[in-house]
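Chain by chain, the residues run as shown.
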Amino acid sequence: MILKQKLYQMFILGLDGGRYEKALTEGLGGIIFFTNDIKSADGLKNFCKKINSAALIPPFLSIDQEGGRVERTENIHGGKKYLSAKYAFEKGLDFLKQQTEEIAKELKSYGINLNFAPCIDVNTNPNNPIIGERAFSNNTDDVIKAGKIVSETYRKNGIIPCVKHFPGHGDANTDSHLTLPEINLSLEEMEKTHIKPFAAAAKEKIEMMMIAHLHCTCFDKEILPTSLSKNALSYLRNTLAYNGVVISDDMVMKGVAKFGMLEAYEKGIKAGLNMFICRNSNPETISVIEELARKSETDIELKENIEKSYEKIINLKKERGIL
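Residues numbered from 1 in each chain as written. Predicted model: local features only at pLDDT ≥ 70, side-chain atom pairs only at ≥ 80, totals over all residues. Heavy atoms only, no water.

- With an unreviewed UniProt entry as reference, the protein chain is termed Glycoside hydrolase family 3 protein, source organism Candidatus Scatousia excrementipullorum.
- For the protein chain, the Sequence similarities (unreviewed entry) comment in UniProt is given as "Belongs to the glycosyl hydrolase 3 family." (UniProt positions renumbered as here; feature names shortened; annotations may be inferred.)

Remarks on unusual backbone geometry
Here is step 1 of the chain: Cis peptide bonds are those with omega within 30 degrees of zero, and the linkage from lysine 164 to histidine 165 qualifies with 0°.
Here is step 2 of the chain: The residue histidine 165 is located in strand β5 (residues 160–166) in this model.
Here is step 3 of the chain: Positive phi values are uncommon outside glycine, yet lysine 205 reaches one of about 60°.
Here is step 4 of the chain: For lysine 205, the location among the structural elements is in the loop between α8 (187–203) and β7 (208–211).
Here is step 5 of the chain: Accessibility expressed as a relative area gives 67% for lysine 205, which makes it exposed.
Here is step 6 of the chain: Positive phi, normally seen in glycine, also occurs at alanine 241, with a value near 55°.
Here is step 7 of the chain: Take alanine 241: it is sitting in the loop between α9 (230–239) and β9 (245–250).
Here is step 8 of the chain: Take alanine 241: its relative accessible area is 55%, and that puts it in the exposed class. (Helix = DSSP H or I, 4+ residues; strand = E, 2+ residues; numbered from the N terminus. Buried < 20%, exposed > 50% of the residue type's maximum accessible area, 1.4 Å probe, protein only.)

Focus on empty space enclosed by the protein
Here is step 1 of the chain: Tallying each qualifying case throughout the model produces 2 cavities of 30 Å³ or more.
Here is step 2 of the chain: The calculated volume of the largest cavity comes to roughly 110 Å³.
Here is step 3 of the chain: Every residue lining the largest cavity is counted, 15 residues in all, and those nearest its centre are Glu66, Ala85, Phe136, Val150 and Tyr154.
Here is step 4 of the chain: When residues of the lining of the largest cavity are traced back to their parent elements, those giving at least two are α5 (85–90), α6 (93–110) and α7 (140–156).
Here is step 5 of the chain: When its residues are assigned to classes, the lining of the largest cavity shows 11 nonpolar, 3 polar and 1 charged.
Here is step 6 of the chain: One number sums up the size of the second largest cavity: a volume of about 40 Å³.
Here is step 7 of the chain: Residue contributions to the lining of the second largest cavity peak at 4 residues, all from helix α3 (residues 41–54).
Here is step 8 of the chain: Considered class by class, the residues forming the lining of the second largest cavity number 5 nonpolar, no polar and 2 charged. (1 Å grid on protein atoms, 1.4 Å probe; cavity = no way out; pocket = protein on both sides within 12 Å on 5 of 7 lines; lining within 4 Å. Points joined across faces, edges and corners; volume = space filled by probe spheres on them. Nonpolar A, V, L, I, M, F, W, Y, C, P; charged D, E, K, R; others polar.)

As for the pattern of salt bridges
Once their charged atoms are close, side chains differing in charge can pair, the charge on each being opposite to the other.
Here is step 1 of the chain: Taken as a whole and judged by the stated rule, the model has 22 salt bridges.
Here is step 2 of the chain: A salt bridge links lysine 145 to aspartate 142, with the nearest nitrogen and oxygen atoms 3.8 Å apart. A residue pair is termed a helical-turn pair when its members lie 3 or 4 positions apart in one helix, as lysine 145 and aspartate 142 do in helix α7 at 3 residues.
Here is step 3 of the chain: We note a salt bridge from glutamate 204 to lysine 148, for which the minimum N-O separation is 3.5 Å. Here glutamate 204 is found in the loop between α8 and β7, whereas its partner lysine 148 is found in helix α7, with 56 residues between them in sequence. (Salt bridge = Lys/Arg side-chain N within 4 Å of Asp/Glu carboxyl O.)

Okay, structure coming up:
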């Protein structure tokens, strides 16, 4: 594989903008589906087959299917919805496992192989506008217990789980889709409550972990999202000894967008991110990837990090039977 194709493996793009088809022939790492993309079960199934046949390298076919307000297949269900993490957990661990099995089997039947779930944030802030019922609990140990059950159930049913949003979105008081939230807690406080579920997931060798667009003052005094922070990524790799694939939250979110696309992606790669989610596959997104490919030919740090990320991505795809 040439370097540009390895770089394309680092991106999971949405359908909006329409350039995903060309990107698939260049080595695109994956596709993410949103509610508006999913009109029928057969339509999604056929589309997944079409994407696989067009791709240079078999892609991650991904979705955010947590249940509750983050559920992308609601058009198929005719209004029937899964329970959110909080309410599923409150109905007991057996119910939580059973519902996760249902979600996994449904996703698998369409051809999806990666779910951006479970959300293992600890919802300590009752005024949190973005997490709320998406969290299993405001109790750290309960979140660890539930997160393990859900991750294992996805794995056993052929879906790759991705825990989110490291280092913990539960104390935020603003929405990272709209701005960059600040988490002003000491590292000790973060470790005790919010990082603990991610430490447990790392120990369990979770396949993939999503990094939030948060400014955590325990990692960086300057205003910088954890998704682009060498300090935060280094902590995850070295202190938590996490060796899996690290992916960004959606890169069009306002919490990261102020850096500009090219600079944000470059910072992310150099900080140690292995993959990016971008809900667009518009000409601007593709031109930024192409520009990054050109820059990486002469930027040693960029090139080395692309090579390392490609290896992690390909190894995961091999392990999970995608390749």
